Amino acid sequence: MTQTVSYPHHTTEPALVTTPDHRPTPDYRLSQLETLEAESIHMMREVVAELERPVLLFSGGKDSIVMLELARKAFAPARIPFPVMHVDTGLNFPDVLQFRDRRVAELGVHLIVASVPEAIAQGTVKEEPNGSRNRIQTPVLLDAVEKHGFTALFGGARRDEDKARAKERMFSFRDEFGQWDPKNQRPELWDLYNGRIHLGESIRVFPLSNWTELDIWQYILREEIAIPSLYLAAERDVVERQGMLYAVNEFITPRAGEQIRREMVRYRTVGDANLTAAVSSTATTVEEVIAEIAVTRMTERGATRGDDKVSDAAMEDRKKEGYF
Amino acid sequence: MAPIEEATIPAQPGVHPIDLRSAAAAEAAEIATARKDILRIATAGSVDDGKSTLIGRLLYDSKAVFEDQYEAVERASAGGDYVNLALLTDGLRAEREQGITIDVAYRYFATPRRTFIMADTPGHVQYTRNMVTGASTADLAIVLVDARKGMLEQSRRHAFLASLLRVPHLVVAVNKMDLVDWSEETYEAIRDEFTSFAAKLNIPDLTVIPISALHGDNVVTRSANSPWYDGSSLLHHLEHVHVASDRNLVDTRFPVQFVIRPQSDAFHDYRGYAGTVASGVLRPGDEVQVLPSGLTTTIASIDGPRGPVEEAFAPMAVTIRLADDLDVSRGDLICRPTNAPHVTQDLDAMVSWMTDEPLRPGQRIAVKHSTRTVRAVVKELQYRLNVNTLHRDMDAGELGLNDIGRVRLRTTQPLFIDDYSRNRVTGRFILIDEATNATVGAGMLTTPS
């Protein structure tokens, strides 16, 4: 069964309603969500106008869900004029995969799956001893980009997530090896984006650069966007590992000495199922999630990702290699 | 190694389970969901003016710093008695090793009244291009001045760049007031010197605030150390500065970005012009003119992200349908027949040059202006401006990296332009090197009045 969050009034084209956030502005000011939405839509249209083969990275996580929704709005009533791609590590939450497939079918967009398990089977990448496929997904991504000839890749990364991301351009130039050079970025002025590239080079485009985690959640609430149910609190079987709660699943089984217990938890991020921790929560609605996030004192990556704690410069190093 | 300031901050709060029924949670939720607008800020200052500390202070005191980020900074500043707030913003390893900020970084924080996007730009002379980049989108610029040193060449340069980019609001934060014993005379001398310098520039709104970023005085709340200062704290000023009148709601300009043709059965004849409103207000029924054809028609409908809207204004991203079937494509511009921009192939602009290879007369280059990209040749370099003294060097043969000068360009096709002082959207362009594809310059247009 596909579990998704549903909204009582949800339709694909939400009607204009008169809530405080929808009030016409007498002073012609947009709210922060409307401003961010307009900025993202502008970027997406610019990419489609200027770059030949864009693709949108879609994992079924909340940021890429919002990005896909913005793409739908940017080109409505036409279909989204580019395919979506999932770099599939094979370590997925089943709920999220089902959500991915359903959303793609609803929108009528083409889904390309770049499979890490296949690449391991073919010997193009090697499994790392610690079981993390975070690093080896980069060559799989780059191979898929080359195979399909993609020249622009939309990613859902936000600048509030990480210090390296805070310094990356919205249109981020990558050389023919997909690498980011932080000291040699193109100046980015006003909203005049430079998407010019030579053969083999590409642009990573981050339409959600200026969104914060709270903005994403408020937008999900305001636009009544469906999300996988993992994002809401429910009673789940968990084990505690290095101070974090991991839900027991296909990829997480109790180790010696670990006790399974039942707790109300939700996921704040959805990454690989063997590495993403849940957080204690009683939030069973999007409103309650927002209330919790508004008072939380941990970043979402710090609270839920085993893989970002390795070093202070972890993200900077991975981005230089071509990681998103 | 640049001097690094250390700031005193209270012990971190413990991790508490979140009770959604608590008053704090209810208040936080209310803050999170309140309708707010965005203020875009650019900061500039020298390496040792304490800019990173000030930003760290704003982020920390507005609770935009999370415990794990704080712990990382705490680990990184291990050994000292204080936690180094500057480390919250110095992101890349290269910067930490050299103790400098090498590029524009963006920070986010919010209060119940506003959300803030802050472009943090380095102050070294060789990074003028980053400052121009950061200021390009800003509603407000903060220039930091060390109270012990007063106005330096750099302070003048920062103020000039803010005025060149037409940032409507400028705040001078006179920092390290604690190190001059909160001397009112020192503050007043700097304030007066800055005010008289600013009078020579286009700075419509200047505010000078005495602060100590290290100790937090006048940053979030008014400080008892400056009883002689009757202005507001920095954060209070950022929350309340009036920006509604900064925008141009008069001159209707809609650059066509993309043509939407669904070519589906349900929308067989649909043809919509997608774009972002540059200025003015558009409504269904308005009589409009399309450039370059000059043909006129009326607006049939305007669609926003949630369906039809009755009005569109900057910076809304909308799709416009016209009553008549005209040939309109990307790069065209929709305006009112009675109020059109200049249509010209001759550009007169202040150019900020951003690459090592100099700009010289005779050079060919690409110009990206709104949704139109055209080729151009550099006809003339009228003068190079000394950004510290504002002296015009009429004999300069070229513009080097980080130089600013007045340039004439001739384009292969007409552009639809306005004076940058009147319209920050249709008055701007970037220059692109056609061989390397790099962005090499930024231009602010002047038009004959």
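All figures in this text were calculated on a predicted structure; none of them were measured in a lab.

S.K.: Explain the confidence of the model for chain B residue by residue, including any values.
M.R.: Residues and elements named next belong to chain B. Averaged over chain B, the pLDDT score is 86; the fraction of residues at 70 or greater is 82%. Per-residue pLDDT stays below 50 along residues 1–17; that stretch engages in 41 contacts with residues further than four places along the chain or on separate chains. Both confidence scores are given for the complex: pTM 0.88, ipTM 0.89.

S.K.: Just give me the short version of the nonpolar core, but keep the residues and values in it.
M.R.: The biggest cluster of nonpolar side chains holds 73 residues, and the ones touching the most others in it are Met 44, Leu 56, Val 66 and Trp 217 of chain A. Residues contacting Val 66 of chain A, with those up to four places away along its chain left out, are Leu 208, Trp 211, Ile 216, Tyr 219, Ile 220 and Ile 225 of chain A. Grouped together as the second largest cluster of nonpolar side chains are 71 residues, Trp 190 of chain A together with Val 167, Trp 182 and Ala 198 of chain B included.

S.K.: Please set out the sheet that holds strand β2 (residues 84–88) of chain A residue by residue, giving values where relevant.
M.R.: Residues and elements named next belong to chain A. Strand order in this open sheet of 6 strands is β3-β2-β1-β4-β6-β5, and the pairing throughout is mixed. In the strand order of this sheet, the two ends are held by β3 (111–115) and β5 (171–174), each with one partner. The sheet shows a mean angle of 30° between the axes of neighbouring strands, taken without regard to direction. Bridging between strand β1 (residues 54–57) and strand β4 (residues 152–154) involves 3 bridges; their strand directions are parallel. Bridging from a neighbouring strand, Leu 56 pairs with Phe 154 of β4.

S.K.: An account of empty space enclosed by the protein is requested, with residue identities and associated values reported.
M.R.: In this approach a probe as big as a water molecule rolls over the atoms, and the regions it shows empty are the leftover space. Residue and element names in this part refer to chain B. According to the stated counting rule, one finds 5 cavities of 30 Å³ or more in the structure shown. When its volume is computed, the second largest cavity comes out at roughly 80 Å³. Secondary structure elements with two or more residues in the lining of the second largest cavity: β1 (37–44), α5 (128–136), β4 (140–146) and α6 (153–164). Its residues assigned to classes, the lining of the second largest cavity shows 9 nonpolar, 4 polar and no charged.

S.K.: Give me helix α2 (residues 51–61) of chain B: which residues, what numbers.
M.R.: For α2 of chain B, the buried fraction is high: 10 of the 11 residues fall into the buried class. Among all positions in α2 of chain B, only Lys 51, Ser 52, Thr 53, Leu 54, Ile 55, Gly 56, Arg 57, Leu 58, Leu 59 and Tyr 60 of chain B are buried.

S.K.: Please set out the pattern of salt bridges residue by residue, giving values where relevant.
M.R.: Inspection of the entire model under this criterion finds 53 salt bridges over all chains. A salt bridge links Arg 133 of chain A to Glu 127 of chain A; its shortest N-O distance comes to 2.7 Å. The class of Arg 133 of chain A is buried, set by a relative accessible area of 14%. Note on Glu 127 of chain A: relative accessible area 36%, which makes it partly exposed. A salt bridge links Arg 191 of chain B to Asp 192 of chain B, with the nearest nitrogen and oxygen atoms 3.3 Å apart. Each of the salt bridges in this network shares a partner with another, and the network as a whole consists of Glu 34, Glu 37, Glu 69, Arg 72, Lys 73, Arg 102, Arg 103, Glu 106, Arg 222 and Glu 223 of chain A together with Arg 306 of chain B.

S.K.: Explain the sheet that holds strand β9 (residues 261–266) of chain A to me, using residue names and the numbers behind them.
M.R.: Either a parallel or an antiparallel arrangement is found when strands of a sheet pair, and the pairing is made through backbone hydrogen bonds. Residue and element names in this part refer to chain A. Read across the open sheet, the 4 strands follow the order β8-β7-β9-β10; overall the sheet is antiparallel. The outermost strands of the open sheet, each flanked by one partner alone, are β8 (244–247) and β10 (279–280). For strand β7 (residues 234–241) and β9, the ladder comprises 5 bridges, and the chain directions are antiparallel. Following the sheet pairing, Glu 235 is matched in β9 by Met 264.

S.K.: Kindly report on the pairing of strand β19 (residues 372–385) of chain B, identifying the contributing residues and their values.
M.R.: Residue and element names in this part refer to chain B. Looking at chain direction, strand β18 (residues 364–369) and β19 are connected through 6 bridges and run antiparallel. Looking across to β19, one finds that Ile 365 is bridged to Ala 376. Connecting the antiparallel pair β18 and β19 is a turn made up of 2 residues, with Ser 370 showing a positive phi of about 40°. Bridge count for β19 against strand β21 (residues 404–417) is 8 bridges, and the pairing is antiparallel. Considered in β21, the bridge of Leu 381 is made with Val 407. Sheet analysis places β19 next to strand β20 (residues 392–393), joined by 2 bridges and oriented antiparallel.

S.K.: Explain the packing of helix α2 (residues 62–75) of chain A against helix α6 (residues 213–223) of chain A residue by residue, including any values.
M.R.: Angle between the axes and distance between the axes are the two parameters that describe a pair of packed helices. All names here are of chain A. Here α2 crosses α6 at 55°, and the two axes come no closer than 10 Å. By the angle between their axes, α2 is oblique relative to α6. Handedness of the crossing formed by α2 with α6: left-handed. From α2, Lys 62, Asp 63, Val 66, Glu 69, Leu 70 and Lys 73 reach across to α6, where they touch Glu 213, Ile 216, Trp 217, Tyr 219, Ile 220 and Glu 223. Classifying every residue of the contact of α2 with α6 by side-chain character gives 6 nonpolar, no polar and 6 charged.

S.K.: Got a sec to walk through the pairing of β4 of chain B? Specific residues and values, please.
M.R.: Residues and elements named next belong to chain B. Counting buried positions along β4 yields 7 of 7 residues, so the element is predominantly enclosed. Burial of the side chains of β4 extends over both faces: Leu 140, Ile 142, Leu 144 and Asp 146 are buried on one face and Ala 141, Val 143 and Val 145 on the other. One ladder, built from 7 bridges, connects β4 with strand β5 (residues 169–175); its direction is parallel. When the sheet's bridge partners are listed, Leu 144 is paired in β5 with Ala 173. Read from β4 through α6 to β5, the crossover connection turns out right-handed.

S.K.: Go over the environment of Ile 225 of chain A, please, and point to the residues and values.
M.R.: Tracing the chain through its elements places Ile 225 of chain A in the loop between α6 and β7. Considering only alpha carbons, one finds Ile 225 of chain A and Lys 62 of chain A, 163 residues apart in sequence, at a separation of 9.5 Å.

S.K.: If you had to explain the confidence of the model for chain A to someone new, which residues and values would you point to?
M.R.: On average, residues of chain A score 84 in pLDDT, and 83% of them are at 70 or above. Across residues 307–312 of chain A, where pLDDT falls below 50, the model places 11 contacts with residues more than four positions away in sequence or in other chains.

S.K.: Explain the packing of aromatic side chains to me, and be specific about the residues and the numbers.
M.R.: Taken as a whole and assessed by the stated rule, the structure comprises 13 aromatic pairs over all chains. Taken together, a centroid distance of 5.0 Å and an interplanar angle of 80° make the contact between Tyr 28 of chain A and Phe 313 of chain B edge-to-face. Separated into two different chains, Tyr 28 of chain A in the segment before α1 (32–50) and Phe 313 of chain B in strand β14 (residues 312–313) make up a pair that spans both. Here the two residues Tyr 28 of chain A and Phe 313 of chain B agree in accessibility, since each one is buried. Ring plane angle 35° and centroid distance 5.0 Å describe the contact between Phe 82 of chain A and Phe 154 of chain A, whose orientation is recorded as tilted. Note that Phe 82 of chain A is positioned in the loop between α2 and β2 and Phe 154 of chain A in strand β4, a separation of 72 residues in sequence. In this structure, Phe 82 of chain A and Phe 154 of chain A share a single accessibility class: buried. An aromatic cluster of three or more residues is present, and its members are Phe 75, Phe 82 and Phe 154 of chain A together with Phe 258 of chain B. We note Arg 156 of chain B situated over the ring of Phe 197 of chain B; from NZ or CZ to the ring centre the distance is 5.9 Å.

Conventions used here
Residues numbered from 1 in each chain as written. Chains lettered and ligands numbered in written order. Predicted model: local features only at pLDDT ≥ 70, side-chain atom pairs only at ≥ 80, totals over all residues. Heavy atoms only, no water. pLDDT = per-residue confidence, 0-100. Contact = heavy atoms within 4.5 Å. Core = buried A, V, L, I, M, F, W, Y, C linked by side-chain atoms within 4.5 Å. Buried < 20%, exposed > 50% of the residue type's maximum accessible area, 1.4 Å probe, protein only. Pairing = 2+ DSSP bridges. Helix = DSSP H or I, 4+ residues; strand = E, 2+ residues; numbered from the N terminus. Axes fitted to C-alpha atoms, helices over the stretch in contact; angles between N-to-C directions. 1 Å grid on protein atoms, 1.4 Å probe; cavity = no way out; pocket = protein on both sides within 12 Å on 5 of 7 lines; lining within 4 Å. Points joined across faces, edges and corners; volume = space filled by probe spheres on them. Nonpolar A, V, L, I, M, F, W, Y, C, P; charged D, E, K, R; others polar. Salt bridge = Lys/Arg side-chain N within 4 Å of Asp/Glu carboxyl O. Parallel < 35°, antiparallel > 145°, perpendicular 65-115°, else oblique. Left-handed = near helix turned anticlockwise from the far one by under 90°. Right-handed = clockwise from strand over helix to strand, strands pointing away. Phe/Tyr/Trp six-rings, centres within 6.5 Å; stacked < 30°, edge-to-face > 60°. Lys NZ or Arg CZ within 6 Å of the ring centre and 35° of its normal.

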